[in-house]
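Residue-level listing of the chains:
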Amino acid sequence: MNKQIPESENQLSVGARLDSIEQALGRAVDVLSGNMEALFSIFSVIHLRHPLPPMGRWAVSPDFARILVDVILERTPGLVVELGSGVSTLLCAYCLEKNGVGAIVSVEHEDEFVRATTENIRKHRLDQFARVVHAPLRDITLRNRIYKWYDKDLVLPKIASQKVDVLIVDGPPAKTGDEARYPAVPVLFDLLADEAIVLVDDAGRQEERTTVRRWVRKFPILNLQYLRWTEKGTAILKKGA
Ligand SMILES: C[S@@+](CC[C@H](N)C(=O)[O-])C[C@H]1O[C@@H](n2cnc3c(N)ncnc32)[C@H](O)[C@@H]1O
């Protein structure tokens, strides 16, 4: 038997649904305009020599890219280490070129993306500032939990000669395991410079939020700031005061 919904209740639920659609649309417009604004900002300081691969989806969104650009231009880091290569590698390398100092080492587990990013670095003539390290994912055990993370025997020798000023955590992808990005800070902590900054993309996801909370508990010297206004959520951790 069809249950009759009283007219007033029906109107209420339609009203509630319209409210939530309005909220979702409002959020989409905010994200879109935030990303447009970020693109204008980025390209007012970076002059590309070749078109970039697409942003968003798998790649960083413009709003996170703007944070990378801001941090690198402001801090003039000697060494930037990135987990997960792509558009972000190119934008960071352009900033390092503008600074006239520093290098980005981008760690990538997939053959296909090692090739793509290396080729893009060449096309953009950024070889002096960026290189990709191919490190397939291996099992790594931390506190009795097994993660799939970049083969650290391939990563550490490539970055151990200098302290890491900026660490960008944008890989491995979530599909490779639970809290796939957790090993980043425990494995690299000793290599972080005294005032290093760790930038985490996708921090709107529950998994990354848990990861970041666990890092801060284990390494209280890391101070955390969450940015909820970026499309995918951003966590910024600063070492020291
Ligand atoms: C979040 S992405 C890294 C994106 C990178 N930082 C950028 O700005 O382009 C993490 C990993 O996903 C993989 N990946 C990148 N693009 C992909 C695609 N279109 N489809 C599937 N996997 C992709 C690569 O292995 C990459 O390291």
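Residues numbered from 1 in each chain as written. Predicted model: local features only at pLDDT ≥ 70, side-chain atom pairs only at ≥ 80, totals over all residues. Heavy atoms only, no water.

Describe in detail the packing of helix H2 (residues 62-75) against helix H3 (residues 87-99), supporting the description with residues and values.
Orientation of H2 relative to H3, taken along the N-to-C sense of each, is 25°, at an axis distance of 9 Å. With respect to each other, H2 and H3 are oriented roughly parallel. As H2 packs across H3, the resulting crossing turns out to be right-handed. Judged by residue contacts, Ala65, Leu68, Val69, Ile72 and Leu73 of H2 engage Ser88, Leu91, Cys92, Cys95, Leu96, Lys98 and Asn99 from H3. Within the contact of H2 with H3, the residues separate by chemical class into 9 nonpolar, 2 polar and 1 charged. (Axes fitted to C-alpha atoms, helices over the stretch in contact; angles between N-to-C directions. Helix = DSSP H or I, 4+ residues; strand = E, 2+ residues; numbered from the N terminus. Parallel < 35°, antiparallel > 145°, perpendicular 65-115°, else oblique. Left-handed = near helix turned anticlockwise from the far one by under 90°. Contact = heavy atoms within 4.5 Å. Nonpolar A, V, L, I, M, F, W, Y, C, P; charged D, E, K, R; others polar.)

Report on the pairing of strand S1 (residues 79-83), specifying residues and quantitative values.
Among the 5 residues of S1, 5 are classified as buried, and the element is accordingly described as predominantly covered. Alternating residues of S1 divide into Leu79, Val81 and Leu83 and Val80 and Glu82, and every residue in both groups is buried. Here S1 runs beside strand S2 (residues 103-108); their pairing, made up of 5 bridges, is parallel. If you follow valine 81 over to S2, its bridge partner there is valine 105. Taken together, S1, H3 and S2 form a β-α-β motif whose crossover is right-handed. When S1 meets strand S6 (residues 164-169), the two strands line up parallel, connected through 4 bridges. Its bridge partner being in S6, glutamate 82 is matched across the sheet by isoleucine 168. (Buried < 20%, exposed > 50% of the residue type's maximum accessible area, 1.4 Å probe, protein only. Pairing = 2+ DSSP bridges. Right-handed = clockwise from strand over helix to strand, strands pointing away.)

Any chance you could break down the sheet that holds S1 for me, citing the residues and the numbers?
With mixed pairing, the 7 strands of this open sheet are ordered in space as S3-S2-S1-S6-S7-S9-S8. The strands lining the two open edges of the sheet, one partner per strand, are strand S3 (130-134) and strand S8 (222-227). Within the sheet, the average angular offset between the axes of one strand and its neighbour, ignoring direction, is 15°. For S6 and strand S7 (residues 192-200), the ladder comprises 5 bridges, and the chain directions are parallel. Across the sheet, leucine 167 pairs through a bridge with valine 198, a residue of S7. H2 contacts S1, S6, S7, S8 and strand S9 (234-239) of the sheet and is inclined by roughly 165° relative to S7.

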